[in-house]
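# Structural description and commentary
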Amino acid sequence: MKVLWTSATKLGGAAFSGTLDDMSLFRDEKDVVHIAPLQVQGIASVTMPNICEVNGTASTDVTYRCVRCLTECTRSLDIVIHEVLSRTPLTAAQEEADVFYAPEETIDLEPLIEQALVLAIEVQPLCRDDCRGLCSECGTDLNVSTCVCHVQQVDPRLQALSRFYDVSKTEE
């Protein structure tokens, strides 16, 4: 998806829309199972000499693997894209303000859109907020059923403490 600087200088800017389907960024991501094609639309417009603002939206459905119970869950993802590009070398203030340097006549929007997608992806996806996860001993999904493994087990290092409380009750 590309836009020309000259078309972005026109009144109203240059509209863009399309679909991004190459989600190779997430190929090695274990918590992201699948990403549907990304639907993108927006406008690139030159607001000052050699400064272009890209504003748009992107939407897709993302299938995650829950980090607690490993079940798959799908969520809609709506992303707001707002980036500023400079055609001239960046000043220190522009670098701090996250302005991108784009000296070519053609502005490639795909890296900007992919960056916005990466920032919007959940880091620790859960199937639901109260997910109980898997039993650490038998692997039972605790959201579906309970297991007998979770009988109160006392850490052997703290066993003497449990006897302390029993002794104090008998002394009273």
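Let us look at the structure shown here. (Residues numbered from 1 in each chain as written. Predicted model: local features only at pLDDT ≥ 70, side-chain atom pairs only at ≥ 80, totals over all residues. Heavy atoms only, no water.)

This next bit is on the overall build of the chain. A tally of helices and strands in the chain yields four helices and eight strands. When the helices and strands of the chain are placed in sequence order, the string is β-α-β-β-β-β-β-α-β-β-α-α. Across the 172 residues of the chain, 33% fall into the buried class. Taking all contacts inside the chain whose residues are at least 6 apart in sequence as the whole, residues at least 24 apart take part in 55%. As displayed, the chain has an accessible area near 11200 Å², and 52% of this comes from carbon and sulfur atoms. (Helix = DSSP H or I, 4+ residues; strand = E, 2+ residues; numbered from the N terminus. Buried < 20%, exposed > 50% of the residue type's maximum accessible area, 1.4 Å probe, protein only. Contact = heavy atoms within 4.5 Å. Areas by Shrake-Rupley, 256 points an atom, 1.4 Å probe, with all protein chains shown as cover.)

What follows covers the environment of Thr-60. Inspection of the secondary structure puts Thr-60 in strand β5 (residues 51-65). A C-alpha to C-alpha distance of 5.7 Å links Thr-60 and Ala-36, two positions 24 residues apart in sequence. Filtering out sequence-adjacent residues up to four positions away, Thr-60 remains in contact with Ile-35, Ala-36, Pro-37, Leu-38, Arg-75, Ser-76 and Leu-77. A polar contact is formed between the side chain of Thr-60 and the backbone oxygen of Ala-36, at a distance of 2.6 Å. (Polar contact = N/O pair within 3.5 Å; in protein donor to acceptor, adjacent residues only side chain to side chain.)

Counting residues in each nonpolar core, the largest one holds 29 residues, and the members touching the most others are Leu-38, Val-40, Ile-79, Leu-109, Ile-113 and Ile-121. Those elements that place two or more of their residues in this core are β2 (14-20), β3 (32-35), β4 (38-48), β5, β6 (72-86) and α3 (110-120). Discounting residues that sit within four places of it in the chain, Val-40 has contacts with Met-1, Phe-16, Ser-17, Gly-18, Leu-20, Thr-57, Ala-58, Ile-81 and Ile-113. (Core = buried A, V, L, I, M, F, W, Y, C linked by side-chain atoms within 4.5 Å.)

In this structure the tally under the stated criterion is three salt bridges. A salt bridge links Glu-72 to Arg-65; the shortest N-O distance between them is 3.7 Å. Classification of Glu-72 as partly exposed rests on a relative accessible area of 49%. (Salt bridge = Lys/Arg side-chain N within 4 Å of Asp/Glu carboxyl O.)

Burial in α3 covers these residues: Leu-112, Ile-113, Ala-116 and Leu-117. With its buried residues spanning 135° around the axis, α3 presents them on a single face. Buried residues along α3 sit against β2, β4, β6, β7 (100-101) and β8 (106-108). (Arc of directions from axis to C-beta.)

The next subject is the pairing of β6. Bridge count between β5 and β6: 15 bridges; the pairing is antiparallel. Bridge pairing in β6 links Tyr-64 to Cys-73. Two successive antiparallel strands, β5 and β6, enclose a turn made up of six residues, where Leu-70 displays a positive phi of approximately 70°. (Pairing = 2+ DSSP bridges.)

Mapped onto the fold, Leu-38 is located in strand β4. The exposure class assigned to Leu-38 is buried, which follows from its relative accessible area of 1%. Distance in space between the C-alpha atoms of Leu-38 and Thr-19 is 5.4 Å, their sequence separation being 19 residues.

A separate point is a nonpolar patch on the surface. Among the surface-exposed residues, Leu-158, Leu-161 and Phe-164 lie close enough to one another that they form a single nonpolar patch of about 300 Å² accessible area. Of note, Leu-161 is situated in helix α4 (residues 159-171). Classification of Leu-161 by relative accessible area gives partly exposed; the value is 45%. (Patch = residues over 30% accessible without salt bridge, like charges linked within 9 Å, V, L, I, M, F, W, Y side chains within 5 Å.)

The subject of this paragraph is the side chain of Thr-63. Structurally, Thr-63 can be placed in strand β5. Sequence-distant contacts of Thr-63, that is, excluding residues within four places in its chain, are made with Asp-31, Val-32, Val-33, His-34, Glu-72, Cys-73 and Thr-74.

Geometry only, nothing functional implied.
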